[in-house]
Amino acid sequence: METNALIKQNILIKLSRFFGVSPEEATREQMYKACAMTVRDILSEKRNDYKKLVNKKGGKRVYYMSMEFLLGRSLKTNICNLGLEKQYFEVLNEMGFSLNDLYEQEPDAGLGNGGLGRLAACFLDSLSSLNYPATGFSILYEYGLFKQKLVDGLQVELPDVWLPGGEVWLVPRTDRTFKVRFGGKVREQWKDSRCEIIYEDAEEIEACANDLMISGADSEAVSLLRLWKARDIGGFDMSLFTQGQYIKAVEKSTSAEAICKVLYPSDNHVEGKMLRLTQQYFLVSASCQSIIRDHMAVYGTLDNLAEKVAVHINDTHPALCIPELMRIFLDDYCFSWEKAWELVTKITTYTNHTVMPEALETWNEDLFRLQLPRIYNILCEINRRFCDEAWNKFPGNWDKISSMAIIAYNQIRMANLSVIASHTVNGVSALHSDILKTSCFKDLYRMYPEKFINVTNGIAHRRWLCYSNPSLSALLDECIGDGYKKNPSELRKFEKFADDKNVLESLERIKHANKVAFSDLVFKKTGVKINPDSVFDVQAKRLHEYKRQLLNAMRIVDVYCALKDNPDLDIKPQTFMFGAKAAPGYDMAKQIIKLICAISADINKNPKIAEKLQVVFLENYCVSLAESLMPAADISEQISLAGKEASGTGNMKFMINGAITVGTLDGANVEMLQECGKENMFIFGLTTKEVEDLWNRGYNAASFYHHNDRLKRVVDCFNHGFNGESFSNIYDYLIVGRGGISDPYMCLADFDSYMHCKDEVARTYLDRNKWNRMSLMNIASAGKFASDRSIEDYAKNIWHITKIKSEKK
């Protein structure tokens, strides 16, 4: 049957079977779900075929564990990856529906927060596209992170309800359930010459698998994302219910379901910390049991596990897979400690994503022992054996050994555990990987130098360029062919058009059309009008002090002051946009959001100034909004304090869409500069070494304030306030400090350099030929930052997996 006819037939069947309607009667939501189900069926069939192929060839699989996968919407990506967008467009048009409308019907999958989750999603896309056998593991969060609402500039967190529209992509696996134990006590009992572990008064939770298929572009492989849902075993108490104690009757079920309610529950209280720990162990226990079960089903032995399985820890959240695997090998398969440890260290690898000390996860030892008694016992033994090894390396140096230990000072350190147990540890940019070796893990590096390597992050370039910016993709097809879609390094061919006037003019037209489209989208969603002829200056990333949205706000205040002095100042209209969520318990981040919103409101009270300066905070920033924003941006703000950002991936998405980076020499900015040349980026600020030297000399923020009139005026404005509200707390944060530390991320030290840099940006933007050439060079230089390249690095240097394809391919 011809493809269009087959698609139409399948859609009609879904509409009739699941909704009892014809196309004429169907709502947009029903049609979206019917289409999604037809795509899911295609992917399920492909997945089954590929699984058989991998089993037949005995291919090594990678299992990627992550607390978050920020997938965004699936319909568009899957249809495009399958090469069926034209066919679905035609079939739906014939039925009276718009495919683009159906794309908008889908909610963003609430399974992630920021760069960590988006990276994981990009990696699954590339693993499928490159035909590597892969499974991701995470939790089926009911509400995801949160939906951000701004009320008078204050962030309010609302439930992010995504499952009613997103569950259509899930395949419940009632045949894949595993028990996970919490609390109680454990004791050893010898029986038949083996040691049995007896659990007393432990709570048992059932982990139920829900599978989500991840398509690849023009590939045989379909990756699997297995999401675990918690269910209490025997949680409904009938006797209590019959007595009228209805709440108590379902109390245990409610407690179990809390595990999957929300991604990253606030942990500024004991209950939140306990829930986070419970979530993390629930994820890894179910996942490890699933890995071993599936391996045994194919091979019937664990003797070849290291040749067939790679387990990857995406940051420290899934690090408990290490003691959990040990538990399975020791308790369920009766391995000796030495054999179990050898196997764990052969299959486990770890990516570190942060150099921030507070983000290197630790757990209170007492809390941990209470919730996970058996895992605590295993960790104690891992720690004891490691400390013996460290003593041989550093005899008598207890301070050094205690800093490297997994358990010390009533804390259990997940990062140290991950390094000690993994055969390979990687950072996510060249600079970040160097910092891991020279700072964060310098002593562990001295013990295990062979473990540490770098794999620079990457993005799913098909999604962020080809599908999000089809006009630019069409121009690239016309100029260099479509080979870059499978081989992103071919983007370099675009360089030869750097002085082609027609191509540069086409780039400018495409950018302006994207700006118009984004302005229309924002107006439709919020009623806010954005001038598409203004410069789109964008900072879109998690709200954190080190990312320095505050420094960006200081630049805005500087421009605002200049315009108040002279409203007729001859400058190009500028629109500063922010997309960011603050963690619910992060007060300073919320204050910065409030400041930005107050500045925006204050500017809007001055109509003449507002014609030249606008500030827009994009409420509830998410993947689908980013897909429209990135192609429209002129300037990409990547201004973290040098040495603090591990890599970044938003910087790469902006780059591949032709935005010009304003940034510090931090994270992947360093490698982006190497790829596109200093003449095509705007770099400012202290280097990592200069930051360290300044701290060591004694950083005095107030001295910068008192010796720079331009800076002093901006900082004083925080005291005076905006929109009728003083921000003296931010003034104090910068000048007076907290706990004796003022301006901890050196906004004042980098202020002057940033101002001069932004002045240069403004001048350069007026030279349209030069700007468009810079934009083209960024696009042409972005191939290195595709996740396809990252995955090839992981496959070759870390996981040691090979592509599995049928002979016909």
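Residues numbered from 1 in each chain as written. Predicted model: local features only at pLDDT ≥ 70, side-chain atom pairs only at ≥ 80, totals over all residues. Heavy atoms only, no water.

Caption draft 1: The arrangement of the pairing of strand S3 (residues 147-151) in detail. Residues Gln-148 and Leu-150 of S3 are buried on one face, while the alternating residues Lys-147, Lys-149 and Val-151, pointing to the opposite face, are not. Bridge count between S3 and strand S4 (residues 154-158): five bridges; the pairing is antiparallel. Bridged to Lys-149 within S4 is Val-156. Hairpin connection, S3 to S4: the antiparallel pair is bridged by two residues, and Asp-152 has positive phi, about 50°. (Buried < 20%, exposed > 50% of the residue type's maximum accessible area, 1.4 Å probe, protein only. Helix = DSSP H or I, 4+ residues; strand = E, 2+ residues; numbered from the N terminus. Pairing = 2+ DSSP bridges.)

Caption draft 2: The arrangement of the sheet that holds strand S22 (residues 682-683) in detail. Spatially, S19-S18-S17-S20-S21-S22 is the arrangement adopted by the six strands of the open sheet, whose pairing is parallel. Each of the sheet's edge strands pairs with one partner strand only, and the pair in question is strand S19 (613-617) and S22. Contacts between helix H35 (residues 768-780) and the sheet are confined to strand S20 (635-638), strand S21 (660-663) and S22, with S21 contributing the most and set at about 85° to the helix. (Contact = heavy atoms within 4.5 Å. Axes fitted to C-alpha atoms, helices over the stretch in contact; angles between N-to-C directions.)

Caption draft 3: Focus on the layout of surface pockets. Counted as a void, the second largest pocket has a volume near 620 Å³. Along the wall of the second largest pocket there are 21 residues; nearest its centre are Val-355, Ile-435, Ser-439, Cys-440 and Lys-644. Only helix H18 (414-421), helix H19 (430-440) and helix H30 (688-697) provide two or more residues apiece to the lining of the second largest pocket. Residues of the lining of the second largest pocket, tallied by class, amount to eleven nonpolar, six polar and four charged. (1 Å grid on protein atoms, 1.4 Å probe; cavity = no way out; pocket = protein on both sides within 12 Å on 5 of 7 lines; lining within 4 Å. Points joined across faces, edges and corners; volume = space filled by probe spheres on them. Nonpolar A, V, L, I, M, F, W, Y, C, P; charged D, E, K, R; others polar.)

Caption draft 4: View of helix H22 (residues 470-480). Of all the residues in H22, the buried ones are Leu-472, Ser-473, Leu-475, Leu-476, Cys-479 and Ile-480. Viewed along the axis of H22, the buried residues span an arc of 160°, placing them on a single side of the element. Relative to its buried face, H22 has exposed residues pointing more than 90 degrees away, namely Pro-470 and Glu-478. Buried-residue contacts for H22 involve helix H21 (461-467), helix H23 (501-526), helix H28 (650-656) and H35. Positive backbone phi, at 85°, marks Gly-481, one or two positions downstream of H22. (Arc of directions from axis to C-beta.)

Caption draft 5: Structural context of the side chain of Arg-176. Relative to the helices and strands, Arg-176 resides in strand S5 (residues 170-182). You can call Arg-176 buried: its relative accessible area is 8%. The residues touching Arg-176, leaving out its near neighbours within four places in the chain, are Ala-207, Cys-208, Ala-209, Arg-226, Trp-228, Arg-293 and Asp-294.

Caption draft 6: Up close: the pattern of salt bridges. Within the structure shown, the criterion is met by 57 salt bridges. Of the charged contacts, one joins Arg-385 and Glu-338 as a salt bridge, the two residues approaching to 3.3 Å between their closest N and O atoms. Of this pair, Arg-385 sits in helix H16 (residues 373-393) while Glu-338 sits in helix H14 (residues 337-347), placing them 47 residues apart in sequence. Note on Arg-385: relative accessible area 31%, which makes it partly exposed. Among the charged side chains, a salt-bridge network with shared partners connects Arg-173, Asp-175, Arg-176, Asp-211, Arg-226, Arg-293 and Asp-294. (Salt bridge = Lys/Arg side-chain N within 4 Å of Asp/Glu carboxyl O.)

Caption draft 7: Seen up close, the nonpolar core. Counting residues in each nonpolar core, the largest one holds 152 residues, and the members touching the most others are Ile-11, Phe-282, Phe-329, Phe-368 and Trp-799. The dominant element in this core, judged by the number of residues it contributes, is helix H11 (residues 270-299), at ten residues. If near-sequence neighbours (up to four positions away) are discounted, Trp-799 is found in contact with Lys-60, Val-62, Tyr-64, Leu-127, Ala-310, His-312, Thr-349, Ile-791 and Tyr-794. (Core = buried A, V, L, I, M, F, W, Y, C linked by side-chain atoms within 4.5 Å.)

Caption draft 8: Spatial organisation of a nonpolar patch on the surface. Taken together, the side chains of Val-151, Val-156 and Leu-158 present a nonpolar region at the surface, about 200 Å² in accessible area. In this structure Val-151 comes out as partly exposed when scored by relative accessible area, which is 41%. (Patch = residues over 30% accessible without salt bridge, like charges linked within 9 Å, V, L, I, M, F, W, Y side chains within 5 Å. Areas by Shrake-Rupley, 256 points an atom, 1.4 Å probe, with all protein chains shown as cover.)

Caption draft 9: Layout of the packing of helix H1 (residues 3-19) against helix H2 (residues 28-57). Running from N to C, H1 and H2 point in directions that differ by 120°, and their axes come no closer than 9 Å. Classified by the angle their axes make, H1 and H2 are oblique. The handedness of the crossing between H1 and H2 is right-handed. Every residue of H2 that contacts H1 at Asn-10, Ile-11, Lys-14, Leu-15, Phe-18 and Phe-19 is listed here: Gln-30, Met-31, Lys-33, Ala-34, Cys-35, Met-37, Thr-38 and Asp-41. For the contact of H1 with H2, the residue count by class is eight nonpolar, three polar and three charged. (Parallel < 35°, antiparallel > 145°, perpendicular 65-115°, else oblique. Left-handed = near helix turned anticlockwise from the far one by under 90°.)

Caption draft 10: Summary view of the sheet that holds strand S16 (residues 452-454). Taken together, nine strands build an open sheet; the order of strands is S5-S8-S9-S2-S1-S10-S11-S15-S16 and the sheet is mixed. In the strand order of this sheet, the two ends are held by S5 and S16, each with one partner. Each neighbouring strand pair of the sheet contributes to a mean axis angle of 25°, computed without reference to strand direction. Here strand S15 (residues 424-427) runs beside S16; their pairing, made up of three bridges, is parallel. Bridging from a neighbouring strand, Gly-427 pairs with Asn-454 of S16. The sheet contacts of H11 involve strand S1 (61-65), strand S2 (134-139), S5, strand S8 (203-215), strand S9 (222-232) and strand S10 (309-314), and relative to S5 the element is tilted by about 115°. The sheet strands contacting helix H13 (residues 321-332) are S1, S10 and strand S11 (348-351), and the helix crosses S10 at an angle near 145°.

Interpretation in functional terms is not warranted from these geometric data alone.
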